[in-house]
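Chain by chain, the residues run as shown.
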Amino acid sequence: MNTAKIDLHLHLDGSLNMHWAWQTAVKRGVVAPECTFEQYYDQMHRTNFKTREEGFKRFDFPIAILQTREDLREGTYTLIRDLNDQGLIYAEIRFAPQQHMLEGLTQLETIEAVLEGVHAAEKDFPDITCGLICCMMHKGERAAFNEKLNFDTIDAADIFYKRGERIALDLAGYENTGPFMDYAPLFEKARALNIPYTIHAGEMGDGSHVPEARFFVSTKVVTAKAQMGAWRIGHGINCVQDPAWLKELADKQIPTEVCVGSNVKEERNYAAHPVREMFKAGVKITINTDNMNFSKTSLANEHNQLRAIGFTTDDLIQFTYNAVDAAFCDEATKSKLREKLAAEGIKR
């Protein structure tokens, strides 16, 4: 499987084309004019953080580059060009509109700029189709800290969703900031508007976040006291902390956006990642990159690493078809994706 791959969990700021990002950082004064590409590369790949919270702040560096319509558009375009070169046929790119307002843009304008990049890239590279996931954010110690900004993200996304754009929502950021269920009202509104969503859960935080964010079977709007009703779970790997959580995820067949390379360290290698335990339990897995720059990875590398720890080509094919099933796009698009996979000899 060297071509026809699908990535459902890919952050724009963490996956920018490195050379473009360096040039833009110099041009915008994010780094000193004398900053070399090698120095910029080292900064992007820095790993010697004392705490996870400190490491999370590394996103501030690429986010500082993406504060104008031009840079949001061009950053998105060059990323999709790279994904096309890597053989991807579908990707869902996510970013947090509220993180890109430092120079006066509104959330609506940031989404519009990214979509311009998506549309331009899809025109120039017709072999790849892309969706956009707008992230709400964990910030501060409580959900109330940036609640208005998060509701504004939903409102802005809804405008484009109603226009027929491939738009979905997410809750991202540092997962341990405040009680997880305090964010439930955001998903009540998203569900009422029928906007699909995923939730980062069980990556950095307690594994109990996974059942809290589990799929809500009823068609009724969820309440703040109920589970948040995610269509998919971002990461979800800490579900292995409790056999009941793992079983529930498997039994309900809620798609998980597993990003193995993003969640391994020197002391926690690919073989030690929970993906094998999740697979053995029957969890519906998709394989993704998360942040290609920070993890020094690509989807091809992720597949190669999974082969090295015992996954078969048939397993990887199943993960890819799982991604088609879970994608936030219409059935016509999914049918075309399946046809492309079949044309590549990738059949389940």
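Described in the following lines is the structure provided in the data block.

Some words on the pattern of salt bridges
- Counted according to the given criterion, the structure contains 20 salt bridges.
- Linking R81 and D82 is a salt bridge whose minimum nitrogen-to-oxygen distance equals 3.8 Å.
- Where R94 meets E257, a salt bridge forms, and the shortest distance between an N and an O atom there is 3.1 Å. Linking R94 in strand β2 (residues 88–95) with E257 in strand β7 (residues 256–258), this pair joins segments that are 163 residues apart in sequence. Pair check on accessibility: R94 and E257 agree, each one buried.

Brief notes about unusual backbone geometry
- Of note in this structure, N194 is not a glycine but carries a positive phi near 70°.
- Among the structural elements, N194 can be located in the loop between α8 (184–192) and β5 (198–201).
- A relative accessible area of 48% places N194 in the partly exposed class.
- The backbone of Q253 shows a phi angle near 55°, a positive value even though the residue is not glycine.
- Summarising the element assignment, Q253 is placed in the loop between α10 (243–252) and β7.

Quick word on the layout of surface pockets
- Within this model, the second largest pocket holds a volume of roughly 160 Å³.
- Of the residues belonging to the lining of the second largest pocket, the class tally is 4 nonpolar, 6 polar and 2 charged.

Side note on the sheet that holds strand β6 (residues 232–235)
- Strand order in the open sheet formed by 4 strands is β5-β6-β7-β8, with parallel pairing between adjacent strands. Strands at the two margins of the open sheet, each flanked by one partner only, are β5 and β8 (285–287). Here the average twist between neighbouring strands, direction ignored, is 30°.

The rules behind these values
Residues numbered from 1 in each chain as written. Predicted model: local features only at pLDDT ≥ 70, side-chain atom pairs only at ≥ 80, totals over all residues. Heavy atoms only, no water. Salt bridge = Lys/Arg side-chain N within 4 Å of Asp/Glu carboxyl O. Helix = DSSP H or I, 4+ residues; strand = E, 2+ residues; numbered from the N terminus. Buried < 20%, exposed > 50% of the residue type's maximum accessible area, 1.4 Å probe, protein only. 1 Å grid on protein atoms, 1.4 Å probe; cavity = no way out; pocket = protein on both sides within 12 Å on 5 of 7 lines; lining within 4 Å. Points joined across faces, edges and corners; volume = space filled by probe spheres on them. Nonpolar A, V, L, I, M, F, W, Y, C, P; charged D, E, K, R; others polar. Pairing = 2+ DSSP bridges. Axes fitted to C-alpha atoms, helices over the stretch in contact; angles between N-to-C directions.

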